[in-house]
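So the chains spell out like this:
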Amino acid sequence: MRKVTKAVIPAAGFGTRFLPATKAVPKEMIPIVDTPTIQYIVEEAVNSGIKDILIITGRGKDAIMNHFDNSFELETVLERENKTELLKAVREVSQMVDVHFIRQKEQKGLGHAVSYAKQFAAGEPIAVMLGDDVVVNDKKPCLKQMIDKYEELGGSILGVQTVDHSQVSKYGIVDGEKISDRTYKVNSLVEKPRPEDAPTDVAILGRYIITPGIFECLERTPKGAGGEIQLTDALFLLAEHEPVYAYDFEGKRYDVGNKMGFLQATVEFALRREDLRDEFSEYLKNLNAQL
Ligand code: G1P
């Protein structure tokens, strides 16, 4: 079985939910505490054994490329001023993994964006990671859990969790049979159903391991929900001729593409930081007393 060493991060969206911030700054560069959201995704990939990352960008996303590049001027200044910790942090970002970029010329949906990864995949399975979903698991990163499942089962794996029934219309929803603790064999998939039409509350949450057969399926996928070419629809086509599984991953997932989820991540990530925890929790306690 081919090992999963490549990850694809679609990052071409306009980020309209974060306007005006995203007018000139890619939404993937908006920081949680002091680190751009896309860096958390890249770190999860690296900590899961991924060696190459393809970021699918679009117009106005140059800041993402600069972030993962060397920054000669900044590094020179930090070195001169003996700011070793900061210098280390800046260098680590550009050295942690090989990052490749391709620009999606038209915005025709997530499935269309992923189809740009065909050459990069070169016949190997790929991980697809969506930047709006940040998942925390200190023991085993979400993507590593999924790679392990892929190695056990040998088919595409969709990362899922059960969501509140009222939220199903935000997600790709999975219908399948449970084959073991936390694992389903997928029978059908539906993108963003109305709650009354949703077969289950099991939602795809931004992590996928996908076999190369997906590219032929994407070519055959018509426009779906929202008039876009949906990855979920292509995965449904794939499930018709090879097994596709869903894995209920362990970890806390934040929807950072949504203002409320972003605020929760900001507060909780700050509380997890040793350098901020004490002062910030004291502040929160005082604030809470005033509410
Ligand atoms: C995308 C996918 C959807 C998935 C979701 C996870 O939707 O199309 O199937 O459940 O990500 O966050 P988007 O959030 O881009 O509308």
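All of these numbers come straight from a predicted model, not from anything done at the bench. (Residues numbered from 1 in each chain as written. Predicted model: local features only at pLDDT ≥ 70, side-chain atom pairs only at ≥ 80, totals over all residues. Heavy atoms only, no water.)

Caption draft 1: Representation of the environment of Leu87 within the structure. Within the element layout of this structure, Leu87 appears in helix 4 (residues 84-95). Sequence spacing of Leu87 and Asn288 is 201 residues, and the spatial spacing of their C-alpha atoms is 37 Å. Sequence-distant contacts of Leu87, defined by excluding residues within four places in its chain, comprise Glu75, Leu78 and Glu79. (Helix = DSSP H or I, 4+ residues; strand = E, 2+ residues; numbered from the N terminus. Contact = heavy atoms within 4.5 Å.)

Caption draft 2: Expanded view of the pairing of strand 11 (residues 202-210). Among the 9 residues that make up strand 11, 9 are buried, leaving the element largely enclosed by the rest of the structure. In this structure, strand 6 (residues 126-129) lies alongside strand 11, joined through 4 bridges in antiparallel fashion. Bridge pairing in strand 11 links Met129 to Arg207. Sheet topology places strand 8 (residues 156-162) next to strand 11; 5 bridges connect them, and they run antiparallel. Across the sheet, Ile157 pairs through a bridge with Ile209, a residue of strand 11. (Buried < 20%, exposed > 50% of the residue type's maximum accessible area, 1.4 Å probe, protein only. Pairing = 2+ DSSP bridges.)

Caption draft 3: Region of interest: the pattern of salt bridges. Under the defined criterion, the tally for this structure stands at 26 salt bridges. Arg253 serves as the salt-bridge partner of Asp133, at 2.6 Å between the closest nitrogen and oxygen. Of this pair, Asp133 sits in strand 7 (residues 133-136) while Arg253 sits in strand 13 (residues 252-255), and the two are 120 residues apart along the sequence. Here the two residues Asp133 and Arg253 agree in accessibility, since each one is buried. In this structure, the salt-bridge partner of Asp148 is Lys140, at a minimum N-O distance of 2.6 Å. The network of salt bridges with shared partners includes Arg2, Lys6 and Glu124. (Salt bridge = Lys/Arg side-chain N within 4 Å of Asp/Glu carboxyl O.)

Caption draft 4: View of the site of the ligand. Every residue close to the ligand is listed here: Leu110, Leu130, Asp133, Tyr171, Gly172, Glu191, Lys192, Ile204, Gly206, Gln230 and Thr232. Between the ligand and Lys192, the relevant distance is 2.7 Å, taken from an oxygen atom to a side-chain nitrogen or oxygen of the residue. Bound to the protein, the ligand loses 80% of the 380 Å² it would expose on its own. Tallied by class, the residues present in the shell around the ligand amount to 4 nonpolar, 4 polar and 3 charged. (Near = heavy atom within 4 Å. Polar contact = N/O pair within 3.5 Å; in protein donor to acceptor, adjacent residues only side chain to side chain. Areas by Shrake-Rupley, 256 points an atom, 1.4 Å probe, with all protein chains shown as cover. Nonpolar A, V, L, I, M, F, W, Y, C, P; charged D, E, K, R; others polar.)

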